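Observations on chain architecture
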Amino acid sequence: MNTTKIMLLLHAMLGDFGGVCFIWVFIEIINKTSAGLKRAKVVSIVGTTLAFLAWLSGGYYYLTYYGSTVKPVIKASELKWAHGIVMEIKEHVFLIIPILALVITILMQSINRWDDMNKNVEKSLSVLSIFAFLLSFLMAGMGALIAISARSAIGGGL
Amino acid sequence: MNKKLFFSTSVSAIVSLSLLTAMIVLREFVKPFNVFITSITGHHWVTKSLFTVILFLILLAVLYYSKKGENVEPEKGLYGLIITTIVSFIIMTVTFVVHFMMK
């Protein structure tokens, strides 16, 4: 398997595992156990790291292969919307995730006890964690759609 | 709870995501702007990526050490970030759908 395909696979895996980290953070915030605060801090750091690694690996694939090889194929087909709408949204909405991840991680590190947070802060951090999770899995779904469109454009099946 | 940290983190994220969204819209509809941001790093997406994260980190440091937000309730910044995230997502999505339809 060549480097480009490895990067694409890594991008998808890292992004998905990163998303799972933020649903984990959400669950720890809801449960509020004493051991859970430490887990939430660690998992948020892991999730942010995975988000940045997904960014780098996806960026590598996008810049070295997608633009020159996959994009022209999709744009020349009946499925041009797969690039024109889906990929364009994906590559830009993705940029929200590392920022949300950094915010959640920085703020979780600053909390010493669950009681430090009032109910409103707790709900807000929960919502932001859910957003990070949902956006990560939206990226996965959009990526799958683009891949299927590219394969279909060259006559391949599902 | 470190109110200053909550304020500086939230506001930095709000500003970074808002400017990212503005850059995205401008790039799609204003050709000279597209040429400009592409010329900075060689690719528009790389410029936007680097700009967003670097701006976030610089603003975070500046706001934190400026001691702003010491008396701001922490949830206000987070509410603002939640709204910014939703609005940015909607604007980005609509921008690309409209731009595609216009072609």
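Quick note: structure is the one above.
Cut-offs and rules
Residues numbered from 1 in each chain as written. Chains lettered and ligands numbered in written order. Predicted model: local features only at pLDDT ≥ 70, side-chain atom pairs only at ≥ 80, totals over all residues. Heavy atoms only, no water. Helix = DSSP H or I, 4+ residues; strand = E, 2+ residues; numbered from the N terminus. Buried < 20%, exposed > 50% of the residue type's maximum accessible area, 1.4 Å probe, protein only. Contact = heavy atoms within 4.5 Å. Areas by Shrake-Rupley, 256 points an atom, 1.4 Å probe, with all protein chains shown as cover. Core = buried A, V, L, I, M, F, W, Y, C linked by side-chain atoms within 4.5 Å. Phe/Tyr/Trp six-rings, centres within 6.5 Å; stacked < 30°, edge-to-face > 60°. Patch = residues over 30% accessible without salt bridge, like charges linked within 9 Å, V, L, I, M, F, W, Y side chains within 5 Å. Salt bridge = Lys/Arg side-chain N within 4 Å of Asp/Glu carboxyl O. Buried area = accessible area lost by both parts, 1.4 Å probe. Polar contact = N/O pair within 3.5 Å; in protein donor to acceptor, adjacent residues only side chain to side chain. Axes fitted to C-alpha atoms, helices over the stretch in contact; angles between N-to-C directions. Parallel < 35°, antiparallel > 145°, perpendicular 65-115°, else oblique. Nonpolar A, V, L, I, M, F, W, Y, C, P; charged D, E, K, R; others polar. Arc of directions from axis to C-beta.

This part takes up the overall build of chain A. The helix and strand inventory of chain A stands at five helices and zero strands. Listing every helix and strand of chain A by position from the N terminus yields α-α-α-α-α. In terms of overall dimensions, chain A has C-alpha extents of about 55 × 30 × 25 Å along its principal axes. Per-residue burial for chain A yields a buried fraction of 49% across its 158 residues. If you take every contact in chain A between residues at least 6 apart in sequence, the share linking residues at least 24 apart comes to 80%. Carbon and sulfur atoms make up 69% of the accessible area of chain A, which amounts to about 7,300 Å² in all.

With that out of the way, let us pick up the nonpolar core. Core analysis: the largest hydrophobic core is formed by 63 residues, its most contacted members being Tyr66(A), Met108(A) and Leu125(A). Every element with two or more residues in this core is listed here: α1 (3-31), α2 (34-75), α3 (81-93), α4 (96-109) and α5 (119-153) of chain A together with α1 (3-29), α3 (44-65) and α4 (74-102) of chain B. The element that contributes the greatest number of residues to this core is α2(A), accounting for 12 residues. Excluding residues that lie within four positions of it along the chain, Leu125(A) makes contacts with Ile29(A), Leu107(A), Met108(A), Ile111(A), Met117(A) and Leu78(B).

We now examine the packing of aromatic side chains. Counting across every chain of the model gives eight aromatic pairs over all chains. Judged by centre distance (5.4 Å) and plane angle (50 degrees), the rings of Phe52(A) and Trp55(A) are tilted. Of this pair, Phe52(A) and Trp55(A) both sit in helix α2, separated by three residues, roughly a single helical turn. For Phe52(A), a relative accessible area of 25% puts it in the partly exposed group. Relative accessible area serves as the criterion here: at 11%, Trp55(A) is assigned to the buried category. Taking the centre distance of 5.4 Å and the plane angle of 65 degrees together, the rings of Tyr62(A) and Trp45(B) count as edge-to-face. Taken together, the positions of Tyr62(A) in helix α2 and Trp45(B) in helix α3 put the pair across two chains.

What follows deals with a nonpolar patch on the surface. Residue and element names in this part refer to chain B. Together, Leu26, Phe29, Val30, Ile86, Ile90, Val94, Val98 and Met102 make up an exposed nonpolar region whose accessible area comes to about 670 Å². Per-element accounting of the nonpolar patch gives the leading share, five residues, to α4. Positionally, Ile90 belongs in helix α4. With a relative accessible area of 46%, Ile90 lands in the partly exposed category.

The interface of chain A with chain B comprises 35 residues on the first partner and 34 residues on the second. Carbon and sulfur atoms make up 83% of the surface buried where chain A meets chain B, a total of about 3,300 Å² over both sides. Counting the contacts that link chain A with chain B gives zero salt bridges. Where chain A packs against chain B, one counts six residue pairs in polar contact (both at pLDDT 80 or more). Mapped onto the side of chain A that touches chain B, the elements with two or more residues apiece are α2, α3, α4 and α5 of chain A.

This part is about the environment of Phe29(B). All names here are of chain B. By secondary structure assignment, the location of Phe29 is in helix α1. Overall, Phe29 belongs to the partly exposed group, its relative accessible area being 40%. A sequence separation of 39 residues divides Phe29 from Lys68, and the C-alpha atoms of the two residues are 36 Å apart. The contact partners of Phe29, leaving out residues within four places of it in the chain, are Thr95, Val98, His99 and Met102.

Another aspect to go through is the packing of helix α2 (residues 31-41) of chain B against α3(B). Residue and element names in this part refer to chain B. Where α2 contacts α3, the two axes come as close as 7 Å, and the packing angle between them is 75 degrees. Between α2 and α3, the angle falls in the class roughly perpendicular. For the pair formed by α2 and α3, the contact residues are Asn34, Ile37, Thr38, Ile40 and Thr41 on the first element and His44, Val46, Thr47, Lys48 and Leu50 on the second. Of the residues that constitute the contact of α2 with α3, the class distribution is four nonpolar, five polar and one charged.

Let's shift gears to α2(B). All names here are of chain B. Residues Phe33, Asn34 and Ile37 constitute the buried set of α2. Buried residues of α2, seen end-on, are gathered within an arc of 105 degrees and therefore sit on one face of the element. Facing away from the buried side of α2, by more than 90 degrees, are the exposed residues Lys31, Pro32, Val35 and Ser39. At its buried positions, α2 is contacted by α1 and α3.

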